[in-house]
Amino acid sequence: YAGTGEDMTPDEYRNGVHHLLDAKPGILAQSIGQPDPVFYRSKVATRWDKYWKAEMGVHATNITAPTMRALAAHNTDPLALTVEVCRQRGVPIVASFRMNAMDLATRTLHIYDFGRENMDLAIEGQNCLDPAHPKVYEHRMKIFAEVVENYDIDGLEFDYKRWYYMISNPEKNHVILTRMVRETR
């Protein structure tokens with residue numbers, strides 16, 4: 001199933017989710033953030049398409065940013081629509097965060113406001129923020145709280161499997177990641 005990008009309507013998006021659910025998954029996990037930027041309306045994090053064209057270069061023709069803008073023009077977002085369809089179909093939904101995603105390599109910190117403002121809080125030699133810094137940790141906890149408070153989801157998934165760098169000095173600081181999971185619960 002493919003969407004139409006800048007011409008995306010909420011009904012077209014809903015049809016896409018229905019198509020996914022026709023496969024009868026036991027649960028649907030929707031990727032909604034890295035953890036910042038995010039694919040939903042947020043007062044805490046940067047919406048994913050804000051810096052898309054400026055920072056993505058050759059990837060700027062990707063359908064995601066025009067789709068996000070089209071859904072925003074309809075006063076909705078992918079997560080709200082997915083939750084709506086999942087509720088109709090009786091399928092649980094979890095909001096998934098790609099933890100410390102570095103899709104854009106050296107440009108990753110440039111695609112959201114908090115990253116731009118806090119590049120000095122990155123893991124040394126990497127292009128992702130370090131939750132060992134209290135300011136980064138608190139920002140992420142606000143992001144997680146916001147999505148749980150504003151959307152009727154069944155849970156959160158912290159996707160730690162895609163990237164190598166989650167925290168500085170992992171032998172010592174892994175307890176911070178454990179605390180993040182515990183406090184989010």
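The paragraphs below set out a description of the structure included in this document.

**Here's the deal with the pattern of salt bridges**
Taken as a whole and judged by the stated rule, the model has 12 salt bridges. With a shortest N-O distance of 2.8 Å, Arg-87 and Asp-152 are connected by a salt bridge. Taken together, the positions of Arg-87 in helix α4 (residues 78-89) and Asp-152 in the loop between α6 (134-150) and β3 (155-159) put the pair 65 residues apart, joining distant regions of the chain. Given the relative accessible area of 32%, Arg-87 is considered partly exposed. Here Glu-183 makes a salt bridge to Arg-179, at a shortest N to O gap of 3.2 Å.

**Describing helix α1 (residues 10-21)**
Taking 1.5 Å as the rise per residue, α1 with 12 residues should run 16 Å; its terminal C-alpha atoms sit 16 Å apart, in good agreement. Lining the buried residues of α1 we find β1 (28-33), α3 (64-73) and α4.

**Let's talk about empty space enclosed by the protein**
Taken as a whole and assessed by the stated rule, the structure comprises three cavities of 30 Å³ or more. Roughly 50 Å³ of internal volume is contained in the largest cavity. Grouping the constituent residues of the lining of the largest cavity by class yields five nonpolar, two polar and two charged.

**A short note on the nonpolar core**
Of all hydrophobic cores here, the largest spans 34 residues; its most connected members are Tyr-40, Leu-79, Phe-97, Phe-144 and Val-147. If you list the elements that add at least two residues to this core, you get α1, β1, α3, α4, β2 (93-98), α6 and α7 (170-184). In contact with Phe-144, other than residues within four places in its own chain, are Pro-35, Phe-97, Met-99, Leu-156, Phe-158, Met-180 and Thr-184. Counting residues in each nonpolar core, the second largest holds nine residues, with Ile-111, Leu-121, Leu-129 and Val-136 among its members.

**So, unusual backbone geometry**
That bond from Gln-34 to Pro-35 is cis: its omega, -20 degrees, falls within 30 degrees of zero. Residue position: Pro-35 is located in the loop between β1 and α2 (52-56). A cis amide bond links Asp-36 to the next residue, Pro-37, at an omega of 10 degrees. Looking at the secondary structure, you find Pro-37 in the loop between β1 and α2. The backbone of Asn-75 sits at a positive phi, close to 60 degrees, despite the residue not being glycine. Tracing the backbone shows Asn-75 in the loop between α3 and α4. The exposure class assigned to Asn-75 is exposed, which follows from its relative accessible area of 60%.

**Some details on the environment of Asp-154**
Tracing the backbone shows Asp-154 in the loop between α6 and β3. Under the relative-accessibility criterion, Asp-154 is labelled partly exposed at 44%. C-alpha of Asp-154 to C-alpha of Asp-77: the two residues are 77 residues apart in sequence and 18 Å apart in space. Once residues within four sequence positions are removed from consideration, Asp-154 is found in contact with Arg-87, Pro-92, Ile-93 and Val-94. For Asp-154, the side chain forms a polar contact with the side chain of Arg-87, separated by 3.1 Å.

Conventions adopted
Residues numbered from 1 in each chain as written. Predicted model: local features only at pLDDT ≥ 70, side-chain atom pairs only at ≥ 80, totals over all residues. Heavy atoms only, no water. Salt bridge = Lys/Arg side-chain N within 4 Å of Asp/Glu carboxyl O. Helix = DSSP H or I, 4+ residues; strand = E, 2+ residues; numbered from the N terminus. Buried < 20%, exposed > 50% of the residue type's maximum accessible area, 1.4 Å probe, protein only. Expected span 1.5 Å × (residues − 1). Contact = heavy atoms within 4.5 Å. 1 Å grid on protein atoms, 1.4 Å probe; cavity = no way out; pocket = protein on both sides within 12 Å on 5 of 7 lines; lining within 4 Å. Points joined across faces, edges and corners; volume = space filled by probe spheres on them. Nonpolar A, V, L, I, M, F, W, Y, C, P; charged D, E, K, R; others polar. Core = buried A, V, L, I, M, F, W, Y, C linked by side-chain atoms within 4.5 Å. Polar contact = N/O pair within 3.5 Å; in protein donor to acceptor, adjacent residues only side chain to side chain.

Such coordinate-based values are descriptive only and should not be taken to indicate function.
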